[in-house]
Amino acid sequence: MVPTNMTPTPTTISPIRPTEPTSVCSFHSAAPENAAEVNFLKESIAWPETPSVPSNFSLNDTSDPAHSTFTILPRNGGGSWHVGDQLEVLIKISDFHGRPKKTGGDLLYARLHNRALSAGVVGKVFDHRNGSYTAVFSLLWEGSAQVEVSLVHPSEAITVLTKVTQEYPDRAYFLSVFRLGSISETVKCNVCLKAPIEKLCNYTDIHTGEPWFCYKPNELNCDNRITHSKGGFRFSAKSRESQLFQRGINMKVSIPASGPASINVLPKLKGGTNEAVKTSPAGYYYQGAWQAINGTTVRQFNNATARIQCLKGKMVHLYGDSTVRQWFEFLISATPDLKMFDLKSPGKAGPYMALNFQNNILLTYRCHGTPILYTPMLASETRHIATELRTVAGGPNTVIVISVWVHFTSFPIEVYIRRLLNIRRAVVQLLTRAPGTLVIIRTANPKGSVLSEIWTSSDWYALQLYKVLMEIFKGVNVKLVNAWEMGLAHYLPHSLHPQPPIMKNMVDVVLSHICPPA
């Protein structure tokens, strides 16, 4: 929400009005009533200034993890480390010549872990904007704690990623098939298309104002649209700029320690510590199980019987992308008594439904509306979550789970903000008419680093979405599954669809919200 003392500032953001000509079509548009909040959200995720990258830049002048270091700083007040303390680590970034960097803006990950205990927690990284950073960790278990710091992207790569979205906001494109009798035409579609209004079909959602356009077919009319599907990506990186995204060299590469890389943590001191809290993680892993820090007790649902007992009498509706469909698929495979009802849905698009009549359980999955990079699906099934929530009665036996982020990483942040503001409005309306409804929101998570995907789905893009979501739903009566921290804190490699141990922990968090301990 926008702080109450924030005065709306003038904005150049254009409103969305489906009936207006497409000259107002923009990737950066927002409803007038949201303009101030959009500006506030963009300011809240503003990245530190990064260096310019001229066409003749030299890789040797950019951030190099091999020449950078991290150093564990002494405990505040001296002495031994104890559970409840905070560990600070100083990170210094240098270039390939070994020269200290003078600017900030690098994307760094920091993790504290103990493989023997299957323990891990994320550190918060503070950018001092002069080439140095501080990572702060909460000490949450006794025994050894190993520091791990990685350079995800050098600051110069962030410059390039920012420029790519500014110059190619439509690099992801989509297709629709129009058909009438024996005539069939395929055209391109997107959030915004550059063409006169008379050459476009306007499918902007009447409830949310979410824009969507397709080029008008040559022979058929706009009512003949049958399918929606992923088209592909239109972007070719410059070879020199690709040097900034090299696995094993400057992309998700560990930074070495100068000195010890681990500490020993003793039991908590009586009376605790008076140290000011600089970081408060969402949770941490211990013995492989996620422990939430916000007061939620995360139970372990290790068998089908426990899951069925938890879901008894519940209607659970999952909305969003494949990262929440993964949860649907897990529950079906790990809970044999949940039986799929065949809705004849195409491929991975859904919708899906599963039932358990004996225990009165309904589990559904529906994908979110466009933009969505799925295999061909009926255009009529690309319905927006905000619109779908209008039809949900809600109540104490209804659970709504939402995950929307994967298909927005290549678009300007305003497209994602607009979507989340619409979803938030629908969630608040649902909770107003049915206060007992449980709404759970899943955040973005870090994913693997594949060069061909960096230009559309880099972790840096996903991080902006994560931050925006956390801000938009602050103060709203929803539960969060912090998939970002759950992915970073675990020792397994990052993946768009987190590996089974991480994903099972996420489902346990969801079930713990549905069935909190008595």
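Predicted model, so just to flag it, every value in this text is computed and none were measured.

A closer look at the overall build of the chain
Then comes step 1: When you go through the chain residue by residue, the secondary structure sums to eleven helices and 25 strands.
Then comes step 2: Along the first, second and third principal axes, the C-alpha set of the chain runs to 80 × 65 × 45 Å.
Then comes step 3: When each of the 518 residues of the chain is scored for burial, the buried share is 56%.
Then comes step 4: As displayed, the chain offers around 22,400 Å² of accessible surface, 53% of which is attributable to carbon and sulfur atoms.
Then comes step 5: Across the chain, the mean location of the 50 positive side-chain charges is 4 Å away from that of the 37 negative side-chain charges.

Some words on the environment of Asn190
Then comes step 1: On the secondary structure map, Asn190 appears in strand β10 (residues 183-190).
Then comes step 2: The class for Asn190 is buried, based on a relative accessible area of 1%.
Then comes step 3: Separated by 24 residues in sequence, Asn190 and Cys214 place their C-alpha atoms 6.5 Å apart.
Then comes step 4: Among the polar contacts made by the side chain of Asn190, one reaches the main-chain carbonyl oxygen of Ala172 at a distance of 2.8 Å.

Some thoughts on the packing of aromatic side chains
Then comes step 1: Using the criterion set out here, one finds 14 aromatic pairs in the structure.
Then comes step 2: Ring geometry for Trp460 versus Tyr461: centroids 5.8 Å apart, planes at 55°, classification tilted.
Then comes step 3: An aromatic cluster is present here, built from Phe27, Phe174, Trp212 and Phe411 joined pairwise through their rings.
Then comes step 4: Lying across the ring of Tyr173, Lys188 places its NZ or CZ 5.0 Å from the centre.

Details of the side chain of Lys314
Then comes step 1: Among the structural elements, Lys314 can be located in the loop between α4 (304-311) and β18 (315-320).
Then comes step 2: Within the local environment of Lys314, its side chain forms a polar contact with the backbone oxygen of Pro396, the two atoms lying 3.2 Å apart.
Then comes step 3: Discounting chain neighbours no more than four positions away, the residues touching Lys314 are Asn360, Ile361, Leu362, Pro396, Asn397 and Ile514.

Quick look at the packing of helix α7 (residues 413-433) against helix α9 (residues 459-472)
The angle between the axes and the distance between the axes are what describe a pair of packed helices.
Then comes step 1: Direction vectors running N to C along α7 and α9 enclose 30°, while the axes themselves pass 10 Å from each other. Looking at the two axes, α7 sits roughly parallel to α9. In this structure, α7 crosses over α9, and the sense of that crossing is right-handed. Across the interface between the two elements, Ile413, Tyr416, Ile417, Leu420, Leu421 and Arg424 from α7 touch Gln464, Leu465, Val468, Leu469 and Ile472 from α9.
Then comes step 2: Taken together, the residues that form the contact of α7 with α9 break down as nine nonpolar, one polar and one charged.

A few points about the state of the cysteines
Then comes step 1: Within this structure, the stated rule accounts for three disulfides.
Then comes step 2: Linked covalently through their sulfurs, Cys189 and Cys214 form a disulfide whose S-S length is 2.1 Å. Around the S-S axis, the bridge from Cys189 to Cys214 shows a dihedral of about 105° and counts as right-handed. Within this pair, whereas Cys189 is found in strand β10, its partner Cys214 is found in strand β12 (residues 213-215), the two being separated by 25 residues in sequence.
Then comes step 3: On the accessibility criterion, Cys189 (1% relative accessible area) is buried.

Points about the pairing of strand β8 (residues 143-153)
Then comes step 1: Inspection of the sheet shows strand β4 (residues 107-114) paired to β8 by seven bridges, in the antiparallel sense. When the sheet's bridge partners are listed, His113 is paired in β8 with Gln146.
Then comes step 2: Bridging between β8 and strand β15 (residues 262-266) involves four bridges; their strand directions are antiparallel. Across the sheet, Ser144 pairs through a bridge with Asn264, a residue of β15.
Then comes step 3: With two bridges joining them, β8 and strand β14 (residues 253-254) adopt antiparallel strand pairing. The residue of β14 that forms the bridge with Leu151 is Val253.

A few points about the pattern of salt bridges
Then comes step 1: Per the counting criterion, the structure on display carries 22 salt bridges.
Then comes step 2: Notably, a salt bridge pairs Arg234 with Asp170, separated by 4.0 Å at the nearest N-O pair. With Arg234 in the loop between β13 (225-233) and α3 (239-242) and Asp170 in the loop between α2 (155-167) and β9 (172-180), the pair connects residues that are 64 residues apart, well separated along the chain.
Then comes step 3: A relative accessible area of 37% places Arg234 in the partly exposed class.
Then comes step 4: Glu210 serves as the salt-bridge partner of Arg418, at 3.8 Å between the closest nitrogen and oxygen. Of this pair, Arg418 sits in helix α7 while Glu210 sits in the loop between β11 (200-202) and β12, placing them 208 residues apart in sequence. For the pair formed by Arg418 and Glu210, the shared burial category is buried.
Then comes step 5: Within the structure, one salt-bridge network assembled from shared partners comprises Arg366, Glu381, Arg383 and Glu388.

Topic: unusual backbone geometry
Then comes step 1: The linkage connecting Gly350 with the following residue, Pro351, adopts the cis geometry, with an omega of 5°.
Then comes step 2: When you line up the elements, Pro351 lands in the loop between β19 (339-341) and β20 (352-356).
Then comes step 3: Geometrically, the link from Thr370 to Pro371 is a cis peptide bond, its omega value of 5° lying close to zero.
Then comes step 4: Here Pro371 is to be found in the loop between β21 (361-367) and β22 (377-378).
Then comes step 5: Positive phi values are uncommon outside glycine, yet Lys252 reaches one of about 55°.
Then comes step 6: Summarising the element assignment, Lys252 is placed in the loop between α3 and β14.
Then comes step 7: Non-glycine residue Lys344 carries a positive phi angle of around 60°.
Then comes step 8: Take Lys344: it is sitting in the loop between β19 and β20.

Rules used in this analysis
Residues numbered from 1 in each chain as written. Predicted model: local features only at pLDDT ≥ 70, side-chain atom pairs only at ≥ 80, totals over all residues. Heavy atoms only, no water. Helix = DSSP H or I, 4+ residues; strand = E, 2+ residues; numbered from the N terminus. Buried < 20%, exposed > 50% of the residue type's maximum accessible area, 1.4 Å probe, protein only. Areas by Shrake-Rupley, 256 points an atom, 1.4 Å probe, with all protein chains shown as cover. Lys, Arg positive; Asp, Glu negative; His and termini not counted. Charge placed at Lys NZ, Arg CZ, Asp CG, Glu CD. Polar contact = N/O pair within 3.5 Å; in protein donor to acceptor, adjacent residues only side chain to side chain. Phe/Tyr/Trp six-rings, centres within 6.5 Å; stacked < 30°, edge-to-face > 60°. Lys NZ or Arg CZ within 6 Å of the ring centre and 35° of its normal. Contact = heavy atoms within 4.5 Å. Axes fitted to C-alpha atoms, helices over the stretch in contact; angles between N-to-C directions. Parallel < 35°, antiparallel > 145°, perpendicular 65-115°, else oblique. Left-handed = near helix turned anticlockwise from the far one by under 90°. Nonpolar A, V, L, I, M, F, W, Y, C, P; charged D, E, K, R; others polar. Disulfide = S-S within 2.5 Å. Pairing = 2+ DSSP bridges. Salt bridge = Lys/Arg side-chain N within 4 Å of Asp/Glu carboxyl O.

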